[in-house]
Amino acid sequence: MMVATHGWRGGDPKNMLIVPTETVIRVAAADDLTVFVTAGGRLYVGQYNGQDRGTLQQVELGSRCVRDAAVYKGQVVFVTDAGEVFTQDLEKKEVHPLPVLEPKKTCTHGQEEKGRRVRVRSVAAGSDHVLFLSNQDEIWVQGRGPALGLFTNKIENEITNPARVDFFKGRRVMQVEAGAYFTVALVEALPPVHHDPSLESDHLPDFDSYVRSCEQCRQETGDRVLFEDIDEFDKCPLGLLVRKDAFTDGRSDLLSPAPSRSSRNSVFHEDGESSDYAPDELDPTSGEVSCDGTTLNTPVEQRTGIELKEMSRVHKQSEGSDFEVVDCNDETEIGKEVSDRKLSSSGTSSLFINADAARQFISRQLSWMTATSIEQGELLADERVNNKYHIDSATELIKENVASAANSAASLVATGVRTVSDKVGQLSRHFSSSEVADGELHDLSPDSDPFILESSSQTLKPKMSKSETFNTSTGSLPRKLSEEHSRKKTHTRTASGGLSFPKLGRDGLLALDKDPKQVEKNSGIIVDGGRHILNTEVWAWGSANKGQLGLGDLSHRSTPTSVATLNHMGVTKVVCGSHHSAALTIDGEVFVWGENFSSHSGGTQTNDVANNQSPNKSSTTAKVEPTVGTPQRLELPEGALVRDLASGDNFLIIISVDGLVYYVGKLREEEKTAVEQIPVGDAAMRCRSVLCQCDSVVCTSDEMHPQVITFLQEEMKYLNLLKFVAQHVVKPFQQVTELTVRGKTSVTPYRDKVSATNDKNCPNESNQLHQTKQVLLDSYLDVTHAVASSISDMLDDQASDVTAVIPIIRQVEEYKSIYQKYMNIVCDALAISGLTLSSKEAITVIEKCPPVLSSLVPESKKKTNSEYFAHLILRPLQHVHEYADFLMKMKQDSETYYSPFTLDKIKIAHAHWKQLSNAAHKSQVEAESTKAYWETCSPKIMEALANPTRRILRDSRTNPINVHNAGRFSSHSFVLFTDILVHIQYSNFSTYSLSTMWVEPVPNTSNIQNGIHITLPEETLTLACPTSSDKSQWIYALQEGIKRSVMSKGDSGMQVMPRAPPLIRSASHTFTKNAQYKDATYNGQWFCGKLHGEGTMAWPDGRRYEGQFRQGVYQGLGRLEVPSAGGVTVYEGMWKNGKLEGKGIIRYANKDVYIGYLRESQPHGHGELKKGRFSSQAASVYTGEWSNGTKHGYGVLDEIAQGEKYLGMWQNNNRHGPGMVVTMNGVYYEGNFYQNKLTGYGLMMFEDKTYYEGELGAGGTFAGRGTLRYPSGDSIEGTFSGSWEDGIKINGMLHKGIAPPDEENIPKSFGKFSVSASQKWECILQECRDKLGISSGPEMNTSKQCCTNTSRFQIWDNLATQLEAEKQLASRQGGTVEFLDGIDRIPELKEELDYQHFMDIHTYLGRAFGCRLHPLGQLLLSLVDAFRATYGGVVAHPRLLPYAVQEVHSFTSRLFEIVRVLFPNLPGENENLLLESENEDEEDIVVTPAYVIHPWLLPHLYSPLSTLYVLYHQPKDEEYWQRLLKWNKQPDTALMTFLGVDVKFWLPEGTSLIESSRTIGTVKDQHFTEAIETLQMLSTSFSPRDKLNLIHRTFQQVSKAVMTKLGSNYLWSMDDLFPVFQYVVVRSRIQHLGAEIQLIDDLLDPHMQHGELGIMFTTLRACYYQIQNEKVSHML
């Protein structure tokens, strides 16, 4: 894109300037000097003499990058991108830093903190002052005079170091400009803050006196280091305390700046320190005016440190500025408020320091009393006084009537009482900010509108009104802006000096498949950005002798004062000349005020803002006034709209939207002010921005697309209309609606007594209607803000692609979403007569609208106030059609060339807006039809069915349809809405939801013609139409209604509808006739009138089912909750035909839990029941088989509370059959149980190895004949009764033992009454077989027979199906789906098994057993859980070890059977197959069931199994461990000598035994360390094979160590090997070595007990035996 820069002086472009070749971003000038700042950060200075073009020279600044500059008193003041400020003397060419420092702080504890450096982003300068705008949006000033804004009117008091203007503390100052002796600032208004009384007691620390280095400060603030500036409260436009009532929609609590002697302006010296100065005598003729309209005689300064936190108030919004001054309350309320207020000890609530200031302030504040007394009657001419007389009379009133009160107040203030300010602050109800030249008092009548500046022959004055009602707040927290909100409101200076606001980027904004959440988020950013753009305020202060402040008078201001007429007008830029100012709004309007700016185009001197004149209407020609005291809208030729402007000393340069340049001012001294176009640029290169100061002008031009210009002009006109309607219709209507909803319609800011009288007979509108109206008005404002954001984007965007500049193309989905939301809301309101105004609303809003609004409404829409209002509110819908037409013209523009890519984007955007346009037209027609129906239907139907989102589609009154075979005298009518079908019979009606309706035509027969069949959840309807055409139309209407009901209601007009309604859909329905689901409400998926898919069923009595349905019943994964008196029973799992089938969970109301398999919602198969809590008396866990809800088959009952465990058979919840019981007391008994009682012959064994064989009774008691045998060999034979714990009664004979004592004393009948291991847990294995489709029985003995019954490939297909089902189930449950890692694929199988193929099988089995989704993995986990439940827990008995070993062998055998079905080429159970590896590094394999299963089974069983081994071998292991501990206390030499280790294995070469005893006699654990470490790993391995391999590696490490010492040819003998290996065993310190040896011996494959490994294992056992049996005293 080509960019050209033009420079000239004054109003003649021919008087050219020399400008830099780079893009200029800032111009500063003096009389014969111009300073340029370029985009590259360079600084240039131009010197000019007369008409000469002058010279241009770059200022050498090194690496500094300049961002802004100004000329002040012969010096160039410039700001770098680092925020530093420098000055350069133009004569000496020297550059000096100008530090902008915060004042030093001193906390209440005496600690000081130096001021921090302030980073500056822009600078502006006047004749006597210079302004700095910091990165924190604060204004810092230097110089003298009232333009500083530091509350001083003494020009001789100069500020030599930059000082902060604390008036805007906490506010966001976006731009500040300087005139000759005044200042204008553009400030963003504070957002609404809702008052929270609950926070009033939370006193925040005074961070202005907080010093971070002070430890006491840190403790007082809870170590919260908060350095951001905290704005205590807001201020009214004129700087006084304001508040809002509770019914307003939110502004922050505000305070006025309080004049105080305690914080005067300080004179800053070069060293950065400040010293207070004594004030001069009061000067009543100084001409400065306070915010209340009186002369401000007391010179005061900024209120740094005066924190008026407790004086917060709630204010009312007023027209134009949204503010109103504080109203007075009665004295009682004031006193109560003061007494209730908690004051800070630091005195931050104090308003005065001495009595003089108190008296003067009270004089000013009580001046309203004079006006109040006058307003009671007529205002007489002889009572009108000038401002001086006004002050004097108020002072006399104080002296005569309230002298004692004033003196008392002064005394209280002087002595430190802080409550005076609270009382006095409430007295400032009425004030004026202007001087009255002719002595006339201000109009303070109650009916006057606040802040409306009216034109008159005199100087314009704002009028104030009393507040009708207000709420008193006893305190409020300071107003703070969050970081996130601050980021949203960041504004930056553009090249033209204006402001850019938050906007979206271009990346990805045209994506068609954009996430709806992202679109919603982006739309919010757009609306929020536009809200900030329109929410601006203009503040001015300084000299006003020529009206340059825009406040309607010529009185100076030393405090910032709001130019109320420009508040919330969307001002985006302000500029200043020597004695004039101008403001540019976002919609292209320019407002000017000051000298020589009255009706520049020849118009009358009128205040367009105050008189509400449409900016698009031209003024009539009249007399030109020399000075304008209030902002006037500037008329440009042909109504041109403005994109940028700049100001010289006495002229303006304006750039219109179409790139034309206008000069506003005097070309010659004898001429009047005029607006003239000056030739800059050409047809191809249009001016875009302008910079100006003094008489130097720099204008930038580039190419602008004509379509962009056209669109921007139309958008500005459109925004102007939206702003106008929002200000005069929407916002007043919002307040009326909000108050009506709250029930406070008696008093509003806009209502007079007439409206209340006229509305007495009007019925109250429903809350729903009021809420709809409120939402509609909010949406209208959102559209307004979006348009403002769109214009801002276009003004700042300089992209060459037209589609990247126009937001409705670049951000089509975001803007369409905003308009779509508005379309839905406005049509909802239209459908329920939400745009019909009541008489109250009409009087309050419409009849008070400015007359200019009438010109915006066609005559046909002015019949009623409601039509008037509806036309204005519906205007954005018309603009949607205009967007579509504009894009259509762009698409069909044959004169302009667009690239294919650009044209595609235009077509896409046009498709979007055309779709929205059609939807808007359709929605509006439907809404009007619905409104007409509600007006004609019966009130009963309207009251029951009227809904904002509901639309009528068809009515049987105009399109006949009836019930098939209806009676002659029956009355049936149907009304089709977008969500329901209404069947009306006489005065009754019934509704049918369209979302649960399926429609199909009925073929014509002799019984029915033109029939329609409707399927509903609980019934069906058959309707008949008169003609086939009616039938087709009704079917189409019904299908369309169903589609719209099924799709999103809010976006029904925008979604791409399917041709026919979906058969499967989600909907909600409450059953009334179905017996099973009566009164239940279902919410979920449907299929042709049946419950089908995911859904939730809830009953009023608390029952609730959530899960899957199929054909109207529970089917699939689900959860059913059934409440009862004791709690809630929960059924969770897989359902089939309405019953739980398969694996599931039942949580009973009494807290019992069943986990396992079920059938017909009853436990059936293998399962686990946990009863009670662990600490309760009835705590127990049953693990075993179930049948139809009862314990049946083999099972284990662990009665935790009784310390007893039963292992055996069950029948009908009773112990029945063979079984055994172990107790915590060490008692073990087994026998036959019958109906839960032990009867007949049995075996009982005790902890001391004594056992009893004979007849047993219930509970393990002696009950008949038997024999009691002791470990010593003695026995007693006879009749026994009683119990082992309580005593035994014996009638028999004692037999002394002859044979030696038997340590084990195990009877031959041990295990005779136990259940065989092969019969245990058969249900678990059968479940796995069923899943794989494997038949059980004798055919499983061989793989060939198995394959004849069930095809191997069918089994693998079943396996794949089961895996997929489990994966879907895990996904529905919300868990993490395990990675299958190929186990769902059939591995390649070979007829003959080789080494590599077996390793593939082994790898597959490892993955399958480790996966919870695989049937083998589920089988393994179930078996492990059963094993742990049987042999684990607190009742782990050593007598159970043989049974545990049997179960391990049984598990191995039965798992191997199932594995052989999958891999039939594996050898049989009793067959050993040797597989030799082709790789020499790999060992050969002997395939056995243990080799295949143990690696995956034993790691899970090892914990309970090893515990049993430890308990079983505990006595022997204790003997072994006792000796081991004693031996390990000895050094290596002593231990090896004792064990008989040959010295050649450990004695160093060349040394004798005596010598070595001196050197290594105390060394321990230094020999055969690698072998010892290897053997210590024995307890960390699980399978016997792994343990045996560790023993083998230990021998290898011993041999390696010996061969290293004696040579590699050394051959072992057992006499040498055994002592060495015994030393290794001793040093390994394996505590339960006997248990490890027994585990290996029990589970090792028989073929591994021979050969080298067998010898090594035997050696280890021999070592253990010798250590165990060695006498303790046998040690050196």
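Here the structure is shown first, and the text comes after it.
This one's a predicted model, so the numbers in the text were calculated from it and none came from an experiment.

Topic: the sheet that holds strand β1 (residues 3-9)
Inference 1: Strand order in the open sheet made by the four strands is β2-β1-β34-β33, with antiparallel pairing throughout. Whereas interior strands pair on both sides, the edge strands pair on one side only; in this sheet they are β2 (12-16) and β33 (685-693). Averaged over neighbouring strand pairs, the angle between their axes works out to 40° when direction is ignored.
Inference 2: Here seven bridges tie β1 to strand β34 (residues 696-703), and the two strands are oriented antiparallel to one another. In the strand pairing of β34, A4 is matched with S701.

What to know about the pattern of salt bridges
Inference 1: As enumerated under the stated definition, the model contains 45 salt bridges in all.
Inference 2: The salt bridge involving R171 is made with E537; its shortest N-O contact spans 2.9 Å. Taken together, the residues span a long stretch of sequence, with R171 in the loop between β16 (159-164) and β17 (172-178) and E537 in strand β23 (residues 536-542) at a distance of 366 residues. Across the pair, exposure class does not vary: R171 and E537 are buried alike.
Inference 3: Three or more residues joined by partner-sharing salt bridges are found here, namely R1119, E1121, E1132 and R1147.

A few points about helix α23 (residues 1322-1332)
Inference 1: Residues of α23 that are buried: I1324, L1325, C1328, R1329 and L1332. For α23, the arc enclosing every buried residue in end-on projection is 135°, short of the 170-degree limit, so these residues lie on one face.
Inference 2: Looking at the buried positions of α23, the neighbouring elements they touch are β51 (1162-1171), α25 (1352-1372), α27 (1415-1431) and α28 (1441-1462).
Inference 3: In the stretch just after α23, G1333 is the one whose phi turns positive, near 80°.

A word on the packing of aromatic side chains
Inference 1: Here the structure, examined in full by the defined rule, presents 53 aromatic pairs.
Inference 2: The interplanar angle of 80° and the centroid separation of 5.3 Å between the aromatic rings of Y1154 and W1186 together place this pair among those described as edge-to-face. Here the residue Y1154 occupies a position in strand β50 (residues 1153-1159), and W1186 occupies one in strand β52 (residues 1180-1187), the gap between them amounting to 32 residues. Judged on exposure class, the residue Y1154 and its partner W1186 are both buried.

Details of unusual backbone geometry
Inference 1: Notably, D137 is not glycine yet its phi reads approximately 60°, a positive angle.
Inference 2: Residue position: D137 is located in the loop between β14 (129-134) and β15 (139-143).
Inference 3: With relative accessibility at 5%, the residue D137 sits in the buried group.

Cut-offs applied
- Residues numbered from 1 in each chain as written.
- Predicted model: local features only at pLDDT ≥ 70, side-chain atom pairs only at ≥ 80, totals over all residues.
- Heavy atoms only, no water.
- Pairing = 2+ DSSP bridges.
- Helix = DSSP H or I, 4+ residues; strand = E, 2+ residues; numbered from the N terminus.
- Axes fitted to C-alpha atoms, helices over the stretch in contact; angles between N-to-C directions.
- Salt bridge = Lys/Arg side-chain N within 4 Å of Asp/Glu carboxyl O.
- Buried < 20%, exposed > 50% of the residue type's maximum accessible area, 1.4 Å probe, protein only.
- Arc of directions from axis to C-beta.
- Contact = heavy atoms within 4.5 Å.
- Phe/Tyr/Trp six-rings, centres within 6.5 Å; stacked < 30°, edge-to-face > 60°.

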